[in-house]
Amino acid sequence: HQHNRLMSHAFSQGSLVSAPAPDAPPEEKEGVFGAFDNGRLLAAVGVDAFLVHWGPDLVLPMGGIAGVATWADERGKGHVDKLLRLSLEKMREAGQVV
């Protein structure tokens, strides 16, 4: 729920993009990293996995950075920097070379 609200704040001028059902379980999104303080999501960064085809014999895994967002009151505090560094580390661990 917090992730939907943060993405709406960052990319939809505050209009809730998709409201979760009232009985929806807590969010777990593969490839999404978040910075939290006392249970509040402060910032988020997503990594989408792709394959890059360089000719018929070479296919390389790639990670695309997407959905980078933070609340206005949390900007300039280094949350996104830490999440981007973590994302790059996880991409390297996953063999995403591009």
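Bear in mind the structure is a predicted one, so any value in this text is a computation, not a measurement.

1. What about a nonpolar patch on the surface?
- A contiguous nonpolar surface patch, about 190 Å² in accessible area, is contributed by Ile65, Val68 and Leu84.
- Within the element layout of this structure, Ile65 appears in strand E3 (residues 59-70).

2. Structural notes on the environment of Ile65
- Accessibility expressed as a relative area gives 38% for Ile65, which makes it partly exposed.
- The spatial distance from the C-alpha of Ile65 to the C-alpha of Leu84 is 8.3 Å, given a sequence separation of 19 residues.
- Setting aside residues no more than four positions away along its own chain, Ile65 makes contact with Val45, Gly46, Val47, Leu84, Ser87 and Met91.

3. Re the pattern of salt bridges
- Inspection of every chain in the model, using the stated rule, returns five salt bridges.
- A salt bridge links Asp73 to Arg40; its shortest N-O distance comes to 3.2 Å. With a gap of 33 residues between them, Asp73 in the loop between E3 and helix H2 (79-93) and Arg40 in strand E2 (residues 40-53) connect regions that are remote in the sequence.
- Classification of Arg40 by relative accessible area gives partly exposed; the value is 31%.

4. What to know about the side chain of Ser8
- With respect to the secondary-structure elements, Ser8 resides in helix H1 (residues 2-11).
- A polar contact is formed between the side chain of Ser8 and the backbone oxygen of Asn4, at a distance of 2.9 Å.

5. Focus: H2
- Between its first and last C-alpha atoms H2 spans 21 Å; for 15 residues at 1.5 Å apiece the expected length is 21 Å, and the two agree.
- Along H2, the residues that are buried comprise His79, Leu83, Ser87 and Met91. Buried residues of H2, viewed axially, fall in a sector of 100°; they line one side. Looking at H2, the residues exposed on the side facing more than 90 degrees away from the buried face are Lys82, Arg85, Arg92 and Glu93.
- Structurally, H2 contributes buried residues whose contacts are with strand E1 (32-37), E2 and E3.
- Of the residues flanking the end of H2, it is Gly95, one or two places downstream, whose phi is positive at about 75°.

6. Digging into the nonpolar core
- Membership of the largest hydrophobic core is limited to seven residues, which are Phe33, Ala35, Ala43, Val45, Val47, Leu83 and Met91.
- Contributing elements (two or more residues each) for this core: E1, E2 and H2.
- In terms of residue count, the dominant contributor to this core is E2 (three residues).
- With residues near it in sequence (within four places) discarded, Leu83 still touches Phe33, Gly34, Ala35, Ala43, Ala44 and Val45.
- Residues Leu41, Ala44, Ala69 and Trp71 belong to the second largest nonpolar core, which totals six residues.

Basis of the calculations
- Residues numbered from 1 in each chain as written.
- Predicted model: local features only at pLDDT ≥ 70, side-chain atom pairs only at ≥ 80, totals over all residues.
- Heavy atoms only, no water.
- Patch = residues over 30% accessible without salt bridge, like charges linked within 9 Å, V, L, I, M, F, W, Y side chains within 5 Å.
- Areas by Shrake-Rupley, 256 points an atom, 1.4 Å probe, with all protein chains shown as cover.
- Salt bridge = Lys/Arg side-chain N within 4 Å of Asp/Glu carboxyl O.
- Helix = DSSP H or I, 4+ residues; strand = E, 2+ residues; numbered from the N terminus.
- Buried < 20%, exposed > 50% of the residue type's maximum accessible area, 1.4 Å probe, protein only.
- Contact = heavy atoms within 4.5 Å.
- Polar contact = N/O pair within 3.5 Å; in protein donor to acceptor, adjacent residues only side chain to side chain.
- Expected span 1.5 Å × (residues − 1).
- Arc of directions from axis to C-beta.
- Core = buried A, V, L, I, M, F, W, Y, C linked by side-chain atoms within 4.5 Å.

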